[in-house]
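# A closer look at the structure
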Amino acid sequence: MAFDHRKYSAFKPVAKKDRRWPDQVIEKAPTWCAVDLRDGNQALVKPMSVAQKQRLFDLLVKLGFKEIEIGFPAASQPDFDFCRKLIEENRIPDDVKIQVLTQARPELIERTYQALEGAQKAVVHVYNSTSTVQREQVFGLDQAGIRAIAVRGATVVKEIASRYPDTDWTFQYSPESFTGTELDYAAEVINAVTEVWRPDQGQPVIINLPATVEMATPNVFADQVEWICENIRYREHLSISVHTHNDRGCAVAAAELAVMAGADRVEGTLMGNGERTGNMDLVTMAMNLYSQGIDPTLDLSGMAEITDVVEACTEISTHPRHPYAGELVFTAFSGSHQDAIRKCLSLRQEGQAWNVAYLPIDPFDLGRRYEEVVRINSQSGKGGVAYVLERDYKISLPRWLQIEFSKVVQQEAETNGGEIDSLTIHRLFDDRYLKVHADWALRSYDLHRDQDGVRAEVVMGRDVSPVMLEGRGLGAVEAVSDALAKRFGVTVAVEAYDEFALGEGTNANALACIRLTANGQHCSAAALAEDTTSATLQALFSAVAQAVAGEAMSTEAAGAVEAAQA
Ligand code: KIV
Ligand code: ZN
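Treat the numbers as computed from the prediction; the structure is a model and nothing was measured.

## Here's the deal with the overall build of the protein
The number of helices and strands found in the protein is 18 helices and 14 strands. Taken over C-alpha atoms, the radius of gyration comes to 35 Å for the protein, far larger than the 24 Å a tight globule of 566 residues would show. Overall, the protein is about 105 × 55 × 45 Å in size when its C-alpha atoms are taken along their principal axes. Counting every position in the protein, which comprises 566 residues, the buried fraction comes to 53%. Accessible surface computed for the protein: about 25,800 Å², of which carbon and sulfur atoms make up 49%.

## Re the nonpolar core
Counting residues in hydrophobic clusters, the biggest one holds 138 residues, and the most contacted among them are Leu270 and Phe405. Per-element accounting of this core gives the leading share, 9 residues, to helix α7 (residues 183-197). Filtering out sequence-adjacent residues up to four positions away, Leu270 remains in contact with Asp36, Leu56, Leu59, Leu60, Leu63, Phe65, Asp281, Leu282, Val283, Ile306 and Val310. One finds Ala483, Val492, Leu516 and Ala527 within the second-largest nonpolar core, a separate group that totals 33 residues.

## Quick notes on the pairing of strand β13 (residues 510-518)
In regular strands, side chains alternate between the two faces of the sheet. Most of β13 is tucked away: 9 of the 9 residues are buried. Where burial is concerned, the two faces of β13 agree: the one with Ala510, Ala512, Ile514, Leu516 and Ala518 and the one with Leu511, Cys513, Arg515 and Thr517 are both buried. Sheet analysis places strand β12 (residues 492-501) next to β13, joined by 9 bridges and oriented antiparallel. If you follow Val494 over to β13, its bridge partner there is Leu516. Pairing of β13 with strand β14 (residues 521-529), which is carried by 9 bridges, proceeds in the antiparallel orientation. Within β14, the residue paired with Leu516 across the bridge is Cys523. Remark: 2 residues form the turn of the hairpin made by β13 and β14, two consecutive strands paired antiparallel; Asn519 in that turn has positive phi of roughly 50°.

## Comments concerning the coordination of the zinc ion (ligand 2)
Within the protein, the atoms that donate to the zinc ion (ligand 2) are Asp39 (OD), His243 (NE2) and His245 (NE2), at distances of 2.1 Å. One chain supplies every donor for the zinc ion (ligand 2), spaced along it as D-x203-H-x1-H. His245 shares its class with His243; the two are buried.

## Details of the site of ligand 1
Lining the immediate environment of ligand 1, one finds Arg38, Asp39, Leu101, His125, Ser174, Glu176, Asn208, Pro210, Thr212, His243 and His245. Between an oxygen atom of ligand 1 and a side-chain N or O atom of Arg38, the distance comes to 3.1 Å. A distance of 3.0 Å separates an oxygen atom of ligand 1 from a polar atom in the side chain of His245. Burial of ligand 1 by the protein chains amounts to 94% of its free accessible area of 260 Å². Counting only elements with at least two residues in the shell around ligand 1, the list comes to α1 (36-42), β5 (168-176) and β6 (205-211).

## Some thoughts on the sheet that holds strand β9 (residues 442-450)
Read from one edge to the other, the open sheet built from 3 strands follows the order β9-β10-β11, with strand pairing classed as antiparallel. Edge positions in the sheet fall to β9 and β11 (467-473), since each has one partner strand and no second. For this sheet the average axis-to-axis angle between neighbouring strands, irrespective of direction, equals 15°. Where β9 lies against strand β10 (residues 453-460), 8 bridges are found, and the strand directions are antiparallel. Counterpart to Asp450 in the pairing with β10 is Gly453. Packing against the sheet, helix α17 (residues 532-548) makes contact with β9, β10 and β11, and its axis sits at approximately 115° to β9.

## Quick word on the pairing of β5
Within β5, 7 of the 9 residues are buried, which leaves it mostly tucked inside the rest of the structure. Both strand β4 (residues 121-129) and β5 contribute to a ladder of 9 bridges, which runs parallel. Each bridged residue has a counterpart across the sheet, and for Ser129 the counterpart in β5 is Glu176. In this sheet, β6 lies alongside β5 in parallel orientation, the contact comprising 3 bridges. Note that in β6 the partner of Phe171 across the bridge is Val205. Remark: the β5/α7/β6 crossover connection has right-handed handedness.

## Concerning a nonpolar patch on the surface
A contiguous nonpolar patch, built from Val138, Phe139 and Leu141 and spanning about 260 Å² of accessible area, is present on the exposed surface. Following the sequence through the fold, Val138 ends up in helix α5 (residues 132-139). By relative accessible area, Val138 is classed as exposed at 55%.

## Examining helix α14 (residues 399-416)
With 18 residues, α14 extends 26 Å between its outermost C-alpha atoms, agreeing within 8% with the 26 Å of an ideal straight helix rising 1.5 Å per residue. Turning to α14, its buried residues are Trp400, Leu401, Gln402, Ile403, Glu404, Phe405, Ser406, Val408, Val409 and Ala413. Immediately beyond the C-terminal end of α14, within one or two residues, lies Gly417, with a positive phi of roughly 70°.

## Looking at the UniProt feature "binding site: Mg(2+)" (unreviewed entry) in the protein
If you check UniProt for "binding site: Mg(2+)" (unreviewed entry), the listed places come out as Asp39, His243, His245 and Asn279 in our numbering. Sequence-wise these annotated residues cover 241 residues; spatially they are packed, their C-alpha atoms never more than 10.4 Å apart. Tracing the backbone through its elements, the reader meets His243 in strand β7 (residues 238-244). A distance of 2.9 Å separates the side chain of His243 from the side chain of Asp39, its partner in a polar contact. Within the secondary structure, Asn279 sits in the loop between β8 (265-268) and α10 (282-290). The exposure class of Asn279 is buried, given its relative accessible area of 2%. Ignoring anything within four residues of it in the chain, the contact list for Asn279 reads Val35, Asp39, His243, Thr244, His245, Asn246, Ala251, Thr269, Gly272, Asn273 and Gly274. Engagement of the side chain of Asn279 in a polar contact is seen with the side chain of His243, the distance being 3.4 Å.

Conventions and cut-offs
Residues numbered from 1 in each chain as written. Chains lettered and ligands numbered in written order. Predicted model: local features only at pLDDT ≥ 70, side-chain atom pairs only at ≥ 80, totals over all residues. Heavy atoms only, no water. Helix = DSSP H or I, 4+ residues; strand = E, 2+ residues; numbered from the N terminus. Rg over C-alpha atoms; globule rule 2.2 N^0.38 Å. Buried < 20%, exposed > 50% of the residue type's maximum accessible area, 1.4 Å probe, protein only. Areas by Shrake-Rupley, 256 points an atom, 1.4 Å probe, with all protein chains shown as cover. Core = buried A, V, L, I, M, F, W, Y, C linked by side-chain atoms within 4.5 Å. Contact = heavy atoms within 4.5 Å. Pairing = 2+ DSSP bridges. Donors = N, O, S within 2.8 Å, 3.2 Å for Na, K, Ca; no water. Near = heavy atom within 4 Å. Polar contact = N/O pair within 3.5 Å; in protein donor to acceptor, adjacent residues only side chain to side chain. Axes fitted to C-alpha atoms, helices over the stretch in contact; angles between N-to-C directions. Right-handed = clockwise from strand over helix to strand, strands pointing away. Patch = residues over 30% accessible without salt bridge, like charges linked within 9 Å, V, L, I, M, F, W, Y side chains within 5 Å. Salt bridge = Lys/Arg side-chain N within 4 Å of Asp/Glu carboxyl O. Expected span 1.5 Å × (residues − 1). UniProt positions renumbered as here; feature names shortened; annotations may be inferred.

This is the structure in structure tokens:
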């Protein structure tokens, strides 16, 4: 069998008893470092052009990143040229530190410094692979041999830096493939490197712990980070950084737990672009902090611009369900979700802490519109349909009509199999309830109230052949129903009736909705008019017109609506 789990072995957990990280709570944002222009760029089918790199760099600066890894200049001429361009054209803001990556090989380190000449400040990030698999199968070296590569690299980094005293240097070391490295050996290599750099004597040093390949659950990575923090020399003089990849889909969780375990700094990319399944997504982690009331120190309010630029530079589209950034992540199609959102939003008061069902954050904060929140398809219910009519056309429906009309919308959605936009919803409402047949158009009415009730005189029908009706009843509806019975022999029994004053944005001032049986047939209609009486009488005529024209609801449909209303 090709699909055989026995081919794999479980990652051995860290033998750690005194875990402190599970009780920690993240209370402030870590230092961020964006590695889109290096790790992200290395992982593209078509690496970025200089123009694309510049565009992405400018976006990263605009978002507030203060540390940006701009490339691997010793390994790639375009990266070298881009580095020179940024420095020579003065494109790096004073408060931003560029970072470049190099392998721990003297000739590459030399070239790296050439790329950085003239920089105000920079991080030289040197790495070599330390894991068992890399030592044994890739390099064929023992632990001492791999440690010697790291020490040699660190020595050359320090030595060449001293030739450029005008630049403010930070040194960074990564034991690449850290997650697959024995912890005591990783600490041994890190100690050997810091012994060269001496952070205790003032040299700024970052120790970056990469989950080059994500090999275990995030709690195991947190254990590894906490163990290193507790077992390396000069911890208090170091910035501990993490760089997680997403092989198991947990890069963000791993970085979050790593911060709880003591990491000060997090490397990642926008939208998680990077090798294989990608790097840790900076947008998600920063927004997770934001949603907990913590300042992420990045401005992600222009999410559409972020995704536009990232897509243009990486030529990778954003998944519609990408956390915080995808097109559909704030959209509710499900009826019960729409209902809950609608209720919470209507109860919400300015200045209150955000507490809306199904929306972990306010979409508005990311430049999204509430229009996108409720979208209608066949899964939607009365709440969503009512919300759209109310939001876009200022038409509020009584609950009984919400239920009835949502069935009309659902049927349309099932027939067409997709989303129904607001315009179509309005058209369906118009066709089904508001449409006025010329023969049943209310022209004028006169209501006289006396001690016996109301006497109604109504003119309806076409201009050229108006019809006069007259009837009596306890109220206007009853009086006009009486008139209809006399004139057309229709027996009307009103089951539900509501009228609303309309808000701004419509020509009419009133909406009336009526549900009745006419000669035993179930009909519903609505009408818009300048005053509530006209709206009510027109709704009554339109409902009766349906019965007369044989357009009433089938008994079956009426039964279904009644059951839903119950
Ligand atoms: O994933 C990784 O290990 C890296 C290192 C070079 C930091 O990208
Ligand atoms: Zn990486």
